Amino acid sequence: MLDEIEQLKQQILSDIERLSDPHELENFRIRYLARKGRIAQLFDRLKEVSPSERPTVGKALNELRALSQVKYDEKKRSIEAQKSETEVALDLTLPGRRGWVGSKHPVTQTWEQIRGVFVGMGFNIATGPEIEDDYHNFEAVNFPPDHPARDMQDTFFITDKILLRTHTTPVQIRVMESQQPPIRVIIPGRCYRNEAVSARAFCVFHQVEGLFVDVGVTFAELKGTLVAFARQIFGSDIGVRFRASYFPFTEPSAEMDISCTICGGKGCRVCKFLGWTEILGAGMVDPNLYRNVGYDEEKYTGYAFGMGIERIAQLLYGVDDIRLYFENDVRFLSQF
Amino acid sequence: MKVSLKWLKKYVDVNVPIEELASRLTLAGLEVESVENLGQKYEKFLVAEVLEVKSHPNADKLAVCSVNTGKETLSIVCGAPNVAPGQKVPIALVGATVPRDQHDPEGRPFTLGKALIRGVESSGMICSEFELGLGSDAQGIMVLDQDAPIGMPLARYLGLDDVVLEIAVTPNRPDCLSHIGIAREVAALFGLKVKKPAIRLTESSGRTVAWASVEILDLENCPRYSARVIHDVRVEPSPKWLQDQLRAVGVRAVNNVVDITNFVLLELGHPLHAFDYDRLEGKRIVVRKAKEGEHFVTLDGRGRSLTSETLMICDAVRPVAIAGVMGGANTEISDSTRNILIESAYFSPRSIRRTSKRLGVSTDASQRFERGADPNITIAALNRCAQLVQEVCGGVVLKGVIDIYPNKILPKKVSLRFSRVNEILGTAISPKKVSTILTSLELSPMKVAPSKSPKRVLIQVPTFRPDIEREIDLIEEVARIYGYENIETKMGTALKFASQPVPESLGDRCREMLIARGYRELVTNSLQKKSVASLSGQEVVEVQNPTSEDMAALRTSLIPGMLEVIRHNIYHGTEDLRLFEIGNIFRCAKAGERGRYFPGYLEQEVLGLAVTGRATPPGWEGKSREIDIYDLKGDIEVLLGKIFLDKIKSIYYSTTNTLTELSVAIEINGSCVGFFGKISSSLRKLFDIERDVLAAELSLDVLRSVPRRKITFESLPKYPPVSRDLAFVVDERTPVGEVEKAIRDSGGDLLKGIQLFDLYKGDQIPAGKKSCAFSLEFISLQRTLTDEEIDKTTRRIVEHVKRALGAELRG
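Small disclaimer: the values here were computed from a predicted structure and weren't measured.

Draft legend 1. Layout of the overall build of chain B. In terms of regular secondary structure, chain B is built from 23 helices and 41 strands. In terms of overall dimensions, chain B is more spread out than a globule: its C-alpha atoms have a radius of gyration of 41 Å, far above the 28 Å expected for 811 residues. For chain B, the C-alpha atoms occupy an extent of roughly 130 × 90 × 55 Å along the three principal directions. Put simply, chain B has 811 residues, and 40% of those count as buried. Considering only contacts in chain B between residues 6 or more positions apart, those separated by 24 or more positions represent 69%.

Draft legend 2. How the structure looks around the overall build of chain A. Regarding its fold elements, chain A presents 12 helices and 9 strands. Every one of the 336 residues in chain A was classed for burial, and the buried ones make up 39%. A separation of at least 24 residues holds for 67% of the contacts in chain A among residues at least 6 apart in sequence.

Draft legend 3. Representation of the interface of chain B and chain A within the structure. With 74 residues of chain B at the interface, the matching set in chain A holds 68 residues. Here the element with the most residues in the side of chain B that touches chain A is helix α15 (residues 471–482) of chain B; it accounts for 6 residues. A breakdown of the residues in the side of chain B that touches chain A according to their chemical character gives 33 nonpolar, 21 polar and 20 charged.

Draft legend 4. Structural view of the sheet that holds strand β28 (residues 456–461) of chain B. Residues and elements named next belong to chain B. Spatial strand order, β26-β28-β27: 3 strands in an open sheet with antiparallel pairing. The open sheet terminates on both sides in strands that have one partner only, identified here as β26 (412–417) and β27 (444–445). Across the face of the sheet, α15 comes into contact with β26 and β28 while running at roughly 70° to β26.

Draft legend 5. Quick peek at the sheet that holds strand β14 (residues 213–216) of chain B. All names here are of chain B. Sheet architecture is open: 5 strands sit in the order β14-β17-β20-β21-β22, paired in mixed fashion. Strands at the two margins of the open sheet, each flanked by one partner only, are β14 and β22 (326–327). In this structure, strand β21 (residues 319–322) lies alongside β22, joined through 2 bridges in antiparallel fashion. Across the sheet, the residue bridging to Ala321 is Gly327, located in β22.

Draft legend 6. A look at the environment of Ala767(B). Residues and elements named next belong to chain B. You can see Ala767 is positioned in the loop between β39 (751–760) and β40 (769–778). You can call Ala767 exposed: it has 8 C-beta atoms within 10 Å. Remark: the alpha-carbon pair of Ala767 and Glu732, spanning 35 residues in sequence, is separated by 8.8 Å.

Draft legend 7. Main features of α15(B). Residues and elements named next belong to chain B. Along its 12 residues, α15 runs 16 Å from first to last C-alpha, staying within 8% of the 16 Å computed at 1.5 Å per residue. When you tally the buried positions in α15, you get 10 out of 12 residues, the bulk of the element. If you check which residues of α15 are buried, you get Ile472, Asp473, Leu474, Ile475, Glu476, Glu477, Val478, Ala479, Arg480 and Ile481. Of the residues flanking the end of α15, it is Gly483, one or two places downstream, whose phi is positive at about 105°.

Draft legend 8. Examining the packing of helix α22 (residues 736–747) of chain B against helix α23 (residues 787–805) of chain B more closely. Residue and element names in this part refer to chain B. Here α22 crosses α23 at 135°, and the two axes come no closer than 9 Å. As the angle between them shows, α22 and α23 are arranged oblique. The interaxial crossing formed by α22 with α23 has right-handed handedness. Across the interface between the two elements, Glu738, Val739, Ala742, Ile743, Asp745, Ser746 and Gly747 of α22 pack against Thr793, Arg796, Ile797, His800, Val801, Ala804 and Leu805 of α23.

Rules used in this analysis
Residues numbered from 1 in each chain as written. Chains lettered and ligands numbered in written order. Predicted model: local features only at pLDDT ≥ 70, side-chain atom pairs only at ≥ 80, totals over all residues. Helix = DSSP H or I, 4+ residues; strand = E, 2+ residues; numbered from the N terminus. Rg over C-alpha atoms; globule rule 2.2 N^0.38 Å. Buried ≥ 20, exposed ≤ 12 C-beta atoms within 10 Å, placed from the backbone. Contact = placed C-beta atoms within 7 Å. Nonpolar A, V, L, I, M, F, W, Y, C, P; charged D, E, K, R; others polar. Pairing = 2+ DSSP bridges. Axes fitted to C-alpha atoms, helices over the stretch in contact; angles between N-to-C directions. Expected span 1.5 Å × (residues − 1). Parallel < 35°, antiparallel > 145°, perpendicular 65-115°, else oblique. Left-handed = near helix turned anticlockwise from the far one by under 90°.

Shown next as structure tokens:
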């Protein structure tokens, strides 16, 4: 019996070497390993073996069965591997089915970045109308009638007293008219300026305004907030400086420059060789605004700031012509 | 405002590198926009002498000149008619950059090379005023005075070895529109003293009041009028120093009298005007309003029509100047002028601004008056002017001034609390430092009872600072001079987080969905042609003063703007477009309507969609079909489903509007949200688009008002779903929705899903009929469903659909 087992083992080992396709493999399995295969037949005959030899023979048979199974599994894997190598059908260079690709306008992307920074600092969001009145757009934010500061913002009028807002500042008044401090909001929105259209100016643009009014708000904190903002948007290596300036609705007023994102401050054509580029206007809320909304100007102080979204986008992405934002050429949109 | 560094240094002894000066001024609010070094600009330009002029052998209009530069003799070909031997002329050497090219329509600079001109070599160029950028005369070469030293660098000879700062002065700082004003700022910033020009004047014995009189009929708009009369003036070109000084800051020399008034304007900031005294009727000045419709010719030769609001300077019978804006041609200084009257007045900013706006004229004078001149400088300016006229034009200055100033404008007194400075700025600046800063700006603390620790100080504000009226204005001055860069950068002293959670934005949600479905976001101009804005049939809001007809009205719909974008992109080669925009649209209110902010105007935020071209991107498996209305409807359904979590019922019905044909209205919970449809062919034609365009417009304002279900989690079913397919044959005119409704009505609680998976018309079913095949899904939350239960429900559904719609079950 042991001889027979040894003989079968040799036969199995030599047979398995010759197998080359799944069909032969299956025949092998049926012949040797199946329920009625040659190994099973030997097991059936185990009862004929004398009880003293039975453990030895049983052990040999078990070993044979295990060995055959291992050899079979190995062969099966190698045949399957060969099969997928020979079945070349998959062309990896064929383009995948992609579907249409959408895109978010760069003005929106930039707004979302700005919003992300200020919402993270605890600012809420407020909005107001694009058709405004002279009172909210000018008078209440400290542009008296016949004041030269009105020349800073060329205006589209609907009637003598109704106009297209030239900035988002009127929403400061609308917010303060409707609630008491503390106020901490950012105000996004579309604004209009009656200027000749060029690469640098368009009649429509977008602003983000910020307003923080509470007890004990200082210019130092305005600086801190805006420096943090600039670093989050442009990276922590960016240089920031504040210059004195003039806006009717803030006193003291400031403009914030960052070191030129193109040349890093060494001076280039984009920054007019100055190394700095202006990104926003800011200042402490002028007490006249508090008076206009009925706040206690002694008790509360606050700061406000405003920036052009297209301007920030220009610095982030290098877009050199503001008209591209409004033309919506797909070759432009698909870059963002 | 152009500031000459040489000129500035006459009043303040500032000796820092120019970069530092520019930077300090900029940080203090006087933004230096450019720094021009004139010496560098004229680096290869010299004074030279023309030795000989010979005709050019090959050209009638050209001459060949020998020119002595002091070092060598150059041969230069010149085309100017006025070139002559013995002249002193400005020449550009080979390698010089000539500021303006007179043959270039834009006058761009060019670099001079050695050239062969019609066969004759030319090693340089004799320049005209135009080419040097010093004037408009391009007819002939500039001829210099005979005593001009040969070989001297031109910049030095013309006094242009100077640096010019271009400063952007903000509208609140009229005092900085002069060299003295800038000097005052520089002195404060660098701790220096301002040296004011010394005024020395010799008056004659004749009394001014005997020769002229002044009457102000409108004291509100002209609070002060001062004047002097000067006899025996020689009007001629200004001496070189005066011309040079003006030229450096870009002001053209006219004649000595006018140049002196300009000089005083740029020195002290106060506008003056000189009249030809002998042409003043009645030797009188009357300040009054113009008559309505009165005609007047200004210095520039232009006729202007006046209104009864225009403040005029008149003589005894007629207007002679538009007050504070521009003088008249009738009393202009000319070569024959002998005697002059000099005006030094103060006009109210409001009056001058209105006149300047109405006439569309802005002059150096009007810019200063409308921002606020100094009412108390009129005499000093007048005397400075008289002094210079005497020195330069040799006049006899009459004794005394005429000065009509009945209601004196006194310096304001503003109180400042030292503590408030630090409360606003977040600093710890000492009272002493605050006082020092203010004093440096001539904002002098008034004498108060001495105290060891003063709490406040009273400041006298000079009348040249109309911008300072309140404590906060003084705090700004302290901050400016202290330096914004020296204020600490703090954060979070009062950091409070939003009182309510920032609500999720509906616009964001839509954007996210649509971009995921392959739409591109647009941002288009909300100003359009009126005819385009009218396409929607709405009442258009028009702009009173548009820049052009193309931007004269506000959009009433996003769709026309999106069609414009489609046209643009098709022109540029992209024909498959899936676009959306979120933005405001505007219209006038109809009877019975009221806008949210202004009764007459309605402004609402909408979402626009527009699609055209193929339904799927071109691939390698065959042609893609054209996008159609069911694609757009599907996108809208997914969008609304995502916003309203499928629980809110939307109803679609056909509607009409002027933009689309085959259009469908969308109603949610009884509110009309918007519509979608196919852009009408006439509209497509207008935008030159051939292929079909499908578009939709949904009101985000209405969508926001529809109550939205809060997301609350539902546990997942524990038991498996069972599905059954049923195909019904119905009349082809029966809407699929009715079949679906009949199924739903009879399906009971177990029926959870209905999906149409086939729609068929053709040979296998009777004519006039269609087959709609649905896959139904049944789920129970309590148990595994049995075949018997499902069969029973299915039979009930079939019976109901047959009965309700006369349908047949397809075998």
